Amino acid sequence: MSVLLIEPFYGGSHKQLMDLLQEELQEDCVLCTLPAKKWHWKARTSALYFMQTVPTSSNYRILFASSVLNLAELAALRPDLGKLKKVLYFHENQLAYPVQKCQERDFQYGYNQILSCLVADVVVFNSAFNMESFLKSIGKFMKLIPDHRPKDLEKIIRPKCQVLYFPVRFPDVSRFMPEHKLARLEKVIGVKRNGDAYQSEGLPGQQESRAVMKTSDAHPESGLCEPQPGLCTTQHEGLLSPAAAPVQAEAPESTNSCQGEDKQRLTFNLSNILSGLDYQQRPLHIAWPHRWEHDKDPETFFKVLMKLKEQDLPFHVSVLGETFSEIPDIFSEAREVLGSSVLHWGYLPSKDDYFRALCTADVVVSTAKHEFFGVAITSPWWVVIIFPCTKAVPS
């Protein structure tokens, strides 16, 4: 086990990446995590926790961690880990992350990330925007220090930086698609029918996906390998093949009361709901698959939908995505106003239900104030946007 993987916020895209690395590296790695709750506290204190819990080993060669970890603290607390090749991965950065009020930006979070970059050997970002917004904000950010400010930090950090796009696996979801989408799939990329089943040829999700990082194929300078064509993963990967019979996953107990308000809707079948109408006569089905937090700007999204409702324009909406301890007030207001227009409301723990919702949607909307990468919107592009399914949604 030559690779040590550390994730203080083991959920969402952070979990997806670590799971993929663990899957590819197999016995050549050890994974240490903390639950995806109260990220502020994880950013402040996780280094102390991992100091006590990461097992010692003379076999470690690479330490790979997300930027939630204060790498500088961990390296100081555990000199044995400080000697490893340290790779820091940025899913997001705290210098450009949108806050509701400027005074709410906590200096410590951004400062921790700068310190971590100074200690790291390689700094990896999931997009060029993420990298540049971080590096170009360092100078302005450090001016918040009242005096004796450090200089030229961007010049020190930039040579270590590179972009490695977040790996997204596009699964074969043809068994969830309505007839009109399958017809287009057949026409555009060669999905072929075999009796009642569908067999795909050349789908991105069918390609062999390999490691983001393998020590045997490591880049000689960075400790990472080159990105592999077709390498990808999403929140809900590993669906059954199109010929397999659908199996409804039992929804785990919700950790949030808003997610658990209607347990039966966690395993719904939108195809049955909509099967009574020709697809071009159905109301437009809109999907919003994002975290229920302010940076995704749900206010703008719901204000538009409530305006449509006010004008008696027909539509359906599926509001997906995870919820955390604090939920913007607009969600409860919108749920009441939208009423019967809502097909689904809340996080779908079943991968089958999640992709079924996306496959039956006509359009996926993002109102995010910004995206460092946008994992939630990347998957719907494949199953929905590439296959427009009503005259109201032109290609």
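Below: a short report on this structure. What you see is a predicted model, and the numbers here were worked out from it, not measured in a lab.

About the thresholds
Numbering of residues starts from 1 in every chain and runs along the sequence as written. Only residues with pLDDT of at least 70 are given local features in this predicted model, and only at 80 or more are side-chain atom pairs given and counted; all residues enter the totals for whole chains, interfaces and linings. As a convention, hydrogens and water are excluded, and side-chain values are obtained from all of the structure's heavy atoms. Numbering of helices and strands runs from the N terminus, with a helix taken as a DSSP run of H or I at least four residues long and a strand as a DSSP run of E at least two residues long. Exposed residues in this analysis have more than 50% of their type's maximum accessible area, buried residues have under 20%, and partly exposed residues fall in between, with area computed by a 1.4 Å probe over protein chains only. Note on contacts: a residue pair qualifies if any of its non-hydrogen atoms lie within 4.5 Å across the two residues. Per-residue accessibility takes into account occlusion by the displayed protein chains alone, with areas from the Shrake-Rupley method and a 1.4 Å probe. Here, expected helix span is obtained from the residue count minus one, scaled by 1.5 Å. Regarding the arc, it is the one traced by the directions from the helix axis to the C-beta atoms. Any two cysteine sulfur atoms within 2.5 Å of one another count as a disulfide. Any two strands with at least two DSSP-identified bridges between them are counted as paired. Axis definition: a line fit to C-alpha positions, over the contact stretch in the case of helices; interaxial angles, taken between N-to-C directions, run 0 to 180 degrees. Between 30 and 60 degrees the pair is tilted, below 30 it is stacked and above 60 it is edge-to-face, where a pair is any two Phe, Tyr or Trp rings, Trp via its six-membered ring, whose centres lie within 6.5 Å. Criterion for a charge above a ring: Lys NZ or Arg CZ within 6 Å of the ring centre, and within 35 degrees of the ring normal.

1. Quick word on the overall build of the protein chain
Move 1: Regarding its fold elements, the protein chain presents 14 helices and 12 strands.
Move 2: For the protein chain, buried positions account for 49% of its 395 residues.
Move 3: Across the protein chain, the fraction of contacts at a sequence separation of at least 24, relative to all contacts at a separation of at least 6, is 75%.
Move 4: When the accessible surface of the protein chain is totalled, it reaches about 19,100 Å², and 51% of it is carbon and sulfur.

2. A closer look at helix H11 (residues 298-310)
Helical periodicity: at 3.6 residues per turn, an α-helix aligns residues three or four positions apart in one direction.
Move 1: In a regular helix each residue adds 1.5 Å, so 13 residues correspond to 18 Å; H11 covers 18 Å between its end C-alpha atoms and thus fits that length.
Move 2: For H11, the set of buried residues is Pro298, Phe301, Phe302, Leu305 and Met306. One face of H11 carries all of its buried residues, which in axial projection span an arc of 125 degrees. Exposed positions of H11 whose direction lies more than 90 degrees from the buried face are Lys303 and Glu310.
Move 3: Positive backbone phi, at 60 degrees, marks Asp312, one or two positions downstream of H11.

3. As for the state of the cysteines
Move 1: Applying the stated rule across the entire model yields zero disulfides.
Move 2: Cys32 supplies the cysteine sulfur nearest to Cys29, a cysteine that is in no disulfide, at a spacing of 9.9 Å.
Move 3: Take Cys29: its relative accessible area is 10%, and that puts it in the buried class.

4. Brief notes about the sheet that holds strand S2 (residues 29-35)
Move 1: Read across the sheet, six strands follow the order S2-S1-S3-S4-S5-S6 without closing on themselves; strand pairing throughout is parallel. Of all strands in the sheet, those with a lone pairing partner are S2 and strand S6 (161-163), marking the two edges. Shown here is a sheet whose adjacent strand axes are inclined to one another by a mean of 20 degrees, direction ignored.
Move 2: Running over the sheet, helix H2 (residues 39-53) touches strand S1 (3-10) and S2 and is turned about 135 degrees from S2.
Move 3: Helix H5 (residues 107-119) rests against strand S4 (85-90) and strand S5 (122-125) of the sheet, and its axis sits at about 145 degrees to S4.

5. Comments concerning the environment of Tyr97
Move 1: Structurally, Tyr97 can be placed in the loop between S4 and H5.
Move 2: In sequence terms Tyr97 and Asp295 are 198 residues apart; their C-alpha atoms lie 8.3 Å from each other.

6. What about the packing of aromatic side chains?
Move 1: One pass over the structure, following the stated rule, counts 18 aromatic pairs.
Move 2: A ring pair is formed by Trp292 and Phe331, whose centres lie 4.3 Å apart and whose planes are at 5 degrees; its orientation type is stacked. Of this pair, Trp292 sits in the loop between strand S9 (284-289) and H11 while Phe331 is found in helix H12 (residues 330-338), placing the two residues 39 residues apart along the sequence.
Move 3: We classify Phe331 as buried; its relative accessible area is 2%.
Move 4: Ring geometry for Trp292 against Trp345: centres 5.7 Å apart, planes inclined by 70 degrees, an arrangement best described as edge-to-face. One end of the pair, Trp292, is in the loop between S9 and H11; the other, Trp345, is in strand S11 (residues 342-345), and 53 residues separate them in sequence. Per residue, the accessibility class of Trp292 equals that of Trp345, and both read buried.
Move 5: Clustering of aromatic rings is evident, with ring pairs tying together Trp288, Trp292, Phe301, Phe302, Phe331 and Trp345.
Move 6: Sitting over the face of the ring of Trp41, Arg44 holds its NZ or CZ atom 5.1 Å from the ring centroid.

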